[in-house]
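In case you want the letters, here they are:
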Amino acid sequence: MTAPSTPGPVPRTDPYPGPGPVELDLGGRTALVTGAAGGIGRACALRLAAAGAKVRAVDRDAEGLDALAARSSGLAGAVEPQILDLTDLDAAEATAAGADILVNNAGLQLVRPIEEFPPDVFHTVLTVMLEAPFRLIRGALPHMYAQGWGRIVNISSVHGLRASAFKSAYVAAKHGLEGLSKTAALEGAPHGVTSVCVNPGYVRTPLVEKQIADQAAAHSLAEDRVLADVLLKDSAIKRLIEPEEVAEAVLYLCTPQASFITGTSLALDGGWTAH
């Protein structure tokens, strides 16, 4: 009777570089970041450029893009400002051609009860935050597939994982983005393309600062109570996350060491979703 053979080691076929420091060199890579004129987008554009990437900085805010370009002077990579309104979906898809890294970040917010929420604003939020990312991914994938490498990072939110009252459009868009990201991950895996959502809690950005008055009205609170009693109510860590913290997570997802992270959501939520 022949003894069962002992299986040998499974041969390595993945591109994991092995133990060692995380490789932060993006020299030769082209990244596209939407909503790049401020907040998380600006931090991501600067961090990717600092790592050597050529960054297409997309936004409709020309003045903000000029300020970003000035701040990027002297970095290892470069920032190329590109004025674009993402409601122009054909232009959005076209501008993603040739991108190695796509960061879908652009967003907008309105806080209103559903029965008072303007339908035109709901449509615009879904266009900018869900349909435009689809078109950008669609435009970027042919190049990514052809070279066998690509990184799609979708800046979602804790509201892609949890809902809050009075944010119907934002929550709907972020939940949709989560599904789009997972689908892109499943389709992209055989081609060396990853797709991940990054889910911060409340970030110190103009988008959040503009919410305070709306939240105060919606909850009948003084504005100075909104941060503690509403925005950070479910967060174990009682502070806003900084845009630069989100940008570091985005950069890591572009490294070889992150090649196995796909189809998932990276929560930077201070413990919100631990409830």
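Report on the accompanying structure. (Residues numbered from 1 in each chain as written. Predicted model: local features only at pLDDT ≥ 70, side-chain atom pairs only at ≥ 80, totals over all residues. Heavy atoms only, no water.)

Across the five residues of strand β1 (residues 30–34), five count as buried, placing the element largely inside the fold. Burial along β1 is two-sided: the residues Thr30, Leu32 and Thr34 and Ala31 and Val33 are all buried. The pairing of β1 with strand β2 (residues 54–59) spans five bridges and is parallel. Residue Thr34 lies in a different strand from β2, and its bridge partner there is Val58. Once the chain exits β1 it traverses helix α1 (residues 39–50) before rejoining the sheet at β2, and the crossover so formed is right-handed. By the bridge criterion, three bridges tie β1 to strand β4 (residues 101–104) in an arrangement that is parallel. Its bridge partner being in β4, Ala31 is matched across the sheet by Ile101. (Buried < 20%, exposed > 50% of the residue type's maximum accessible area, 1.4 Å probe, protein only. Helix = DSSP H or I, 4+ residues; strand = E, 2+ residues; numbered from the N terminus. Pairing = 2+ DSSP bridges. Right-handed = clockwise from strand over helix to strand, strands pointing away.)

With that settled, consider the sheet that holds strand β7 (residues 265–268). An order of β3-β2-β1-β4-β5-β6-β7 is seen for the seven strands of this open sheet, with the pairing classed as parallel. Only two strands of the sheet have a single partner each, and these edge strands are β3 (78–83) and β7. This sheet shows a mean twist of 20° between the axes of neighbouring strands, independent of strand direction. Against the sheet, α1 engages β1, β2, β3, β4, β5 (150–155) and β6 (193–200), with an angle of about 170° to β1. Docked against the sheet, helix α5 (residues 168–188) engages β5, β6 and β7, running at close to 155° with respect to β6. (Axes fitted to C-alpha atoms, helices over the stretch in contact; angles between N-to-C directions. Contact = heavy atoms within 4.5 Å.)

Before going further, it helps to spend a moment on the state of the cysteines. Scanning all chains against the criterion turns up zero disulfides. You can see Cys44 has no disulfide; the closest cysteine sulfur is in Cys254, sitting 8.8 Å from it. Residue Cys44 is classed as buried on the basis of its relative accessible area, which comes to 1%. Here Cys197 is not cross-linked by a disulfide; its sulfur's nearest cysteine counterpart is in Cys44, at 13 Å. Classification of Cys197 as buried rests on a relative accessible area of 1%. (Disulfide = S-S within 2.5 Å.)

Right, let's get into the nonpolar core. Counting residues in hydrophobic clusters, the biggest one holds 35 residues, and the most contacted among them are Leu48 and Val55. Listed by contribution, the elements that provide at least two residues to this core are β1, α1, β2, α2 (62–71), β4, β5, β6 and α8 (243–253). Here this core gets seven residues from one element, more than from any other, and that element is α1. Setting aside anything within four residues of it in sequence, one finds Val55 in contact with Ala31, Val33, Ala45, Leu48, Ala49, Ala78, Val79 and Glu80. By size, the runner-up hydrophobic cluster in this structure holds 30 residues, among which are Leu89, Ala96, Ala169 and Ala184. (Core = buried A, V, L, I, M, F, W, Y, C linked by side-chain atoms within 4.5 Å.)

Per the stated rule, a full pass over the model turns up two aromatic pairs. With a centroid separation of 6.2 Å and 85° between ring planes, the pair formed by Phe117 and Phe122 is classed as edge-to-face. A relative accessible area of 8% means that Phe117 is categorised as buried. Ring geometry for Tyr202 and Trp272: centres 5.8 Å apart, planes at 25°, overall stacked. Here Tyr202 is found in the loop between β6 and α6 (206–219), whereas its partner Trp272 is found in the segment after β7, with 70 residues between them in sequence. The residue whose ring lies beneath Arg29 is Trp149, and the NZ or CZ to ring-centre distance is 3.7 Å. (Phe/Tyr/Trp six-rings, centres within 6.5 Å; stacked < 30°, edge-to-face > 60°. Lys NZ or Arg CZ within 6 Å of the ring centre and 35° of its normal.)

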